[in-house]
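Spelled out, the chains give:
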Amino acid sequence: WKAAEMSLAVTVNAMTEAVKQDWRAIERFLQDPYEQEDLLHLVRVSPAVVQAPALRGHRAAILEAVRKEGRALRHATAELQDDRAVVKAACDQTWQALEFASHRLKSDADLVQETFLQSGLALQHASEKLRSDRSMVICAMTRDEAAFQFAADVL
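So, a few notes on the structure that sits alongside this text. (Residues numbered from 1 in each chain as written. Predicted model: local features only at pLDDT ≥ 70, side-chain atom pairs only at ≥ 80, totals over all residues. Heavy atoms only, no water.)

Some words on the overall build of the protein
So, step 1. Of regular secondary structure, the protein possesses eleven helices and zero strands.
So, step 2. Reading the helices (α) and strands (β) of the protein from amino to carboxyl end gives α-α-α-α-α-α-α-α-α-α-α.
So, step 3. Principal axes of the C-alpha set define a box for the protein whose edges measure 60 × 25 × 20 Å.
So, step 4. With 155 residues in all, the protein has 45% of them scored as buried.
So, step 5. In the protein, of all internal contacts separated by at least 6 residues, the share reaching a separation of at least 24 is 40%.
So, step 6. In the structure as shown, the protein presents an accessible area of about 8200 Å², 49% of it carried by carbon and sulfur atoms.
So, step 7. Of the charged side chains in the protein, 19 are positive and 23 negative, and the gap between their average positions amounts to 1 Å. (Helix = DSSP H or I, 4+ residues; strand = E, 2+ residues; numbered from the N terminus. Buried < 20%, exposed > 50% of the residue type's maximum accessible area, 1.4 Å probe, protein only. Contact = heavy atoms within 4.5 Å. Areas by Shrake-Rupley, 256 points an atom, 1.4 Å probe, with all protein chains shown as cover. Lys, Arg positive; Asp, Glu negative; His and termini not counted. Charge placed at Lys NZ, Arg CZ, Asp CG, Glu CD.)

Brief notes about the environment of Val86
So, step 1. In this structure, Val86 sits in helix H7 (residues 84–93).
So, step 2. The spacing of Val86 and Leu63 is 23 residues in sequence and 5.6 Å in space, taken between C-alpha atoms.
So, step 3. Ignoring any residue separated from it by four or fewer positions in sequence, one finds Val86 in contact with Arg59, Ile62, Leu63, Val66, Leu73 and Leu80.

Section: the pattern of salt bridges
So, step 1. Enumeration according to the criterion identifies 13 salt bridges in this entry.
So, step 2. Salt-bridge contacts for Glu64 lead to Arg44; the nearest nitrogen and oxygen are separated by 3.4 Å. Note that Glu64 is positioned in helix H5 (residues 59–68) and Arg44 in helix H4 (residues 36–45), a separation of 20 residues in sequence.
So, step 3. Lys88 is paired through a salt bridge with Asp92; the nearest N and O atoms lie 3.0 Å apart. Of this pair, Lys88 and Asp92 both sit in helix H7, four residues apart, which is roughly one turn of that helix.
So, step 4. Note on Lys88: relative accessible area 25%, which makes it partly exposed.
So, step 5. With relative accessibility at 48%, the residue Asp92 sits in the partly exposed group.
So, step 6. Through salt bridges that share partners, Glu37, Arg44, Glu64 and Arg67 make up one connected network. (Salt bridge = Lys/Arg side-chain N within 4 Å of Asp/Glu carboxyl O.)

Overview of the nonpolar core
So, step 1. With 46 residues, the main nonpolar core has Ile26, Leu39, Leu55, Val66 and Leu73 as its most contacted residues.
So, step 2. Only helix H2 (12–21), helix H3 (26–29), H4, H5, H7, helix H9 (109–116) and helix H11 (134–143) provide two or more residues apiece to this core.
So, step 3. Filtering out sequence-adjacent residues up to four positions away, Ile26 remains in contact with Met15, Val19, Leu39, Leu42, Val49, Ala52 and Leu55. (Core = buried A, V, L, I, M, F, W, Y, C linked by side-chain atoms within 4.5 Å.)

Description of the packing of H7 against H9
So, step 1. Viewed as axis vectors pointing N to C, H7 and H9 meet at an angle of 15 degrees, and their least axial separation amounts to 10 Å. As judged from the angle between their axes, H7 and H9 are roughly parallel. Relative to H9, the crossing made by H7 is right-handed. Touching Arg84, Val87, Lys88 and Cys91 of H7 are Asp110, Leu111, Glu114 and Thr115, all from H9. (Axes fitted to C-alpha atoms, helices over the stretch in contact; angles between N-to-C directions. Parallel < 35°, antiparallel > 145°, perpendicular 65-115°, else oblique. Left-handed = near helix turned anticlockwise from the far one by under 90°.)

Here it is in structure tokens:
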């Protein structure tokens, strides 16, 4: 990717190969004007590129990244971690993305229950309020009995 960094004009094909090797190559791409579709292509190739500070708040890039790798939500700004559509896309890809959702969305019973369709272990990332809710804990346990270990102590 160092060759891409040195080049005056970076083609999308060259950048595709560069971000496959090292996500940080995206920094060179972002230095020049670019088409959004080219950026989204690079995000699909390497969702890790959203670690770049310039992309952490870029909704389209984060949304594309979490569709491919839900845990990329960890790199999003707090605002995007509180965006229900972004968090839902991330959780649809992997229940583990719920860990990086805002507190408000970790308290969203519908969203949390949808993550239980993948694994009841998602209960560990739900809010204390939902982990104290008997019906939520039972719902999680129907998918994975081990979810009980994440129930609030009051149960």
